[in-house]
Amino acid sequence: MSFSFEGKVAIVTGAGGGLGFAYAKYLAEHGCNVIVNDLGGGTFGVDGKPSSKVADEAAQKINALGKGKAIADGHSVSEYKSAEMMVETAIKNWGRIDIIVNNAGIASTSVFPNVDKDEVELHLGVHVMGAVNTMRAAWPHMVKQKYGRIINTASDSILGFSPQISYPSMKSALIGLTRNVGLLGKEHNINVNVILPAAFTRLSALLPESDFRDHLEQDFQPEKLAPVISYLCHEKCDITREIFSVGGGKFSRVVLASSEAVPVDMTMESVENQMANLMTENTADLFLLKTTFDDLQNLGFSEEEYKLFYDMTATQDELEDIDAIKIDSVDNVWDITVKSPVGDQFSTLVMKSESGALKGHVLNEEHGSQTIIDGKIENGDTMVWKCKLTKPVPMTLTYTMQADKDQKIQGKVVGTLMGKSVMDCAVIGKPVQGDKAETAKAESAKQAELDSQKKPGILSKLFSKA
Ligand code: NAI
C-alpha cells in the first residue's frame, strides 16, 4: 500500500455516522489508529441526550475490519476538557497524535433576521470552538513530534446558500482559523487545511425533496470524500492552508483571489468609474491571496515596508575580530536588547549557557516573558538558539554566535516570519557583569515581575495550555 497510515494516530470528531464515519473507516482501513468521537446528538445539536452509544457502535464496526484500531469517545467537542481527554486517550494508548479531522457539525434553523443568539452560540461551540479545542489540545504534541495533519470542515454555504446564518457564519470562521493556525504550523510540519464537503447524510437529507436532493443522494456518498481527506492527512502531502471543495468523487481547489487595486481620488465619481472596471466578469487578471501581505502589497505597501513593519533591529556594535573559544564549559548570561519599531518596544534576550545547552527567554516590558526555547552549542564554539516572539506576530529569531575568551559573543540574528527571512543583522553581546548568583537572582526577580504583568496575545491564549 503506497499510502499507509501504519503507526499513525487520528482523532475524527463527529465520526458516529455520515462523513466522519467514512473518514475514520478509510483511515483505519489504511492502518491508522483512530479515536472515534461523537456525542450522539441530533442533527440540530439540541435534541437527544449526549451518549457514547453512537461512537461505540462506530468504533466496533471499525475494529471488526481488523485493520487500524478504533477507540470510542462520546464527549462534546465544544468543551476544551473533552478535547484534552481525546488527546490523552490517544497518547495513553498509542503514544502520539498525528491527525485531527474536525468534522463534528450540526444544522441550523433560525432564518435571518430572526436570529437566535443561543443558536449562534451553539454553532460557535460545535464548529469553531470544536476545531480550536482539538487543535489546541493536540498542538503541543504535534509540535514536539514535528508532525501533524489537521482538517477543518467548513461548508459551501459560506459562499451564499441559505439565510440560516448561524451555520454559514460559523463555518466561515474556519477559513480564517485554518489559514492563521496554518501559518504557525509551517515551521513544525503541521499542515492545516479546510474542506467544503458535499455528501448525502442525515444532515443534507434535511433538504427539501427536489432533483438537487435526488442527485445528492444518488451520487454523493460520504465514502467518496474519504480518499481526498486522507490524502491531505498523509505525511506525503505537504499542502497547507488551502481550501478544497470535495464531493461525488471529485474535488477542486477554492481560492481567495484579488484584482489589482485601482486608484481613486476623493470623489465618488472616481469610485463609480473604477467600480465598473473591477466588477467585470473577466477574472483572468485575478491573483491569489496567500497571506495578508499579498493584500497589503496590492494596496501599495512595498515588500520592504511590510517587512520593516514586522522587522526588528538589534542593538548593534561594530563587529570586531573575535577568536572563538570552546564554550561548552562557559557558564554565563548575556543580555542583548532588541528594539521593535512596532509600538517602540524593547525586548531583552537573556541567554545562558550550561555545558552544551543554551537556555534563555525574552523579556518584553509590555508582554512579559515570552517563549523559552532551548538551543544548543554546536561544534564547541557556536551557539544556535531559536526564540519565538508572539507579539506583534509569531516570529522566530535564530541566533548563531561565538564567544571569545572574555565571553563576549558576536554573531548574527536572523528573524524569520512565516518561513521568510525578514531580518538579518550582526550583534555583539557582553556578559552580564557581577557575581553570577546575584545576576541569576536579579534575573529571576525581573522575570517574575514581568510574568505577573503578562498579557498574552490571542494566539498565545489559544495555544497556551492554561
Ligand atoms: P452528520 O449529522 O451525519 O454528522 C455530524 C456528526 O457530528 C453527528 O454524528 C453528530 O452527532 C456529531 N456531532 C454534532 N455535535 C457534536 C459535538 N458537539 N461533539 C461531538 N460530535 C458532535 O452530518 P455530516 O453531513 O456527516 O456532516 C459532517 C460535517 O460536514 C459537518 O461539520 C457538516 O456541517 C459538514 N458539511 C456537510 C455537508 C454535507 O453535504 N453533508 C455540506 C457542508 C458541510
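Structure shown above.
Residues numbered from 1 in each chain as written. Predicted model: local features only at pLDDT ≥ 70, side-chain atom pairs only at ≥ 80, totals over all residues. Heavy atoms only, no water.

In this section: the packing of helix H1 (residues 18-29) against helix H2 (residues 53-64). Running from N to C, H1 and H2 point in directions that differ by 25 degrees, and their axes come no closer than 10 Å. The orientation of H1 with respect to H2, classified from their angle, is roughly parallel. As H1 runs across H2, the sense of the crossing is right-handed. Across from Phe21, Ala24, Lys25 and Ala28 in H1, the residues of H2 making contact are Ala58, Lys61 and Ile62. Residues belonging to the contact of H1 with H2 are distributed by class as follows: five nonpolar, no polar and two charged. (Axes fitted to C-alpha atoms, helices over the stretch in contact; angles between N-to-C directions. Helix = DSSP H or I, 4+ residues; strand = E, 2+ residues; numbered from the N terminus. Parallel < 35°, antiparallel > 145°, perpendicular 65-115°, else oblique. Left-handed = near helix turned anticlockwise from the far one by under 90°. Contact = heavy atoms within 4.5 Å. Nonpolar A, V, L, I, M, F, W, Y, C, P; charged D, E, K, R; others polar.)

The residue after Phe112, namely Pro113, is reached through a cis peptide bond having omega 10 degrees. Examined against the element boundaries, Pro113 turns out to sit in the loop between strand E4 (99-102) and helix H4 (117-145). The backbone of Asn189 sits at a positive phi, close to 60 degrees, despite the residue not being glycine. Structurally, Asn189 is set in the loop between helix H5 (166-185) and strand E6 (190-198). Looking at Asn189, the relative accessible area reads 33%, which means it is partly exposed. (Buried < 20%, exposed > 50% of the residue type's maximum accessible area, 1.4 Å probe, protein only.)

Its location among the elements puts Glu242 in the loop between helix H7 (226-232) and strand E7 (243-247). Within the structure, the side chain of Glu242 is placed 3.0 Å from the side chain of Arg253, a separation counted as a polar contact. Discounting residues that sit within four places of it in the chain, Glu242 has contacts with Val192, Asn193, Val194 and Arg253. (Polar contact = N/O pair within 3.5 Å; in protein donor to acceptor, adjacent residues only side chain to side chain.)

Right, let's get into a nonpolar patch on the surface. There is a patch of nonpolar side chains on the surface, built from Val262, Val264, Val271, Met275, Leu278 and Met279 and spanning about 490 Å² of accessible area. For Val262, the position within the fold is in the loop between strand E9 (257-258) and helix H8 (268-278). For Val262, a relative accessible area of 31% translates into the label partly exposed. (Patch = residues over 30% accessible without salt bridge, like charges linked within 9 Å, V, L, I, M, F, W, Y side chains within 5 Å. Areas by Shrake-Rupley, 256 points an atom, 1.4 Å probe, with all protein chains shown as cover. Salt bridge = Lys/Arg side-chain N within 4 Å of Asp/Glu carboxyl O.)

Surveying the vicinity of the ligand reveals 29 residues, the closest of which are Asp38, Asn103, Tyr167, Thr201 and Arg202. Contact between the ligand and Leu19: an oxygen atom at 2.8 Å from a main-chain N or O atom of the residue. A distance of 2.9 Å separates an oxygen atom of the ligand from a polar side-chain atom of Lys171. In the complex, the protein chains occlude 95% of the 820 Å² of accessible area that the ligand would expose alone. For the shell around the ligand, the elements supplying multiple residues, two or more each, are H1, H5 and E6. (Near = heavy atom within 4 Å.)

Attention now goes to the packing of aromatic side chains. Counted by the stated rule, this structure contains two aromatic pairs. Pairing Phe3 with Tyr231 gives two aromatic rings, centres 5.7 Å apart and planes at 65 degrees, and the pair type is edge-to-face. In this pair, Phe3 sits in the segment before strand E1 (9-12) while Tyr231 sits in helix H7, placing the two residues 228 residues apart along the sequence. When its relative accessible area of 30% is taken as the criterion, Phe3 is described as partly exposed. Using a relative accessible area of 39% as the deciding quantity, one classes Tyr231 as partly exposed. For the pair Phe244 and Phe251, a centre-to-centre distance of 6.0 Å together with 55 degrees between the ring planes defines the contact as tilted. Relative accessible area serves as the criterion here: at 52%, Phe251 is assigned to the exposed category. (Phe/Tyr/Trp six-rings, centres within 6.5 Å; stacked < 30°, edge-to-face > 60°.)

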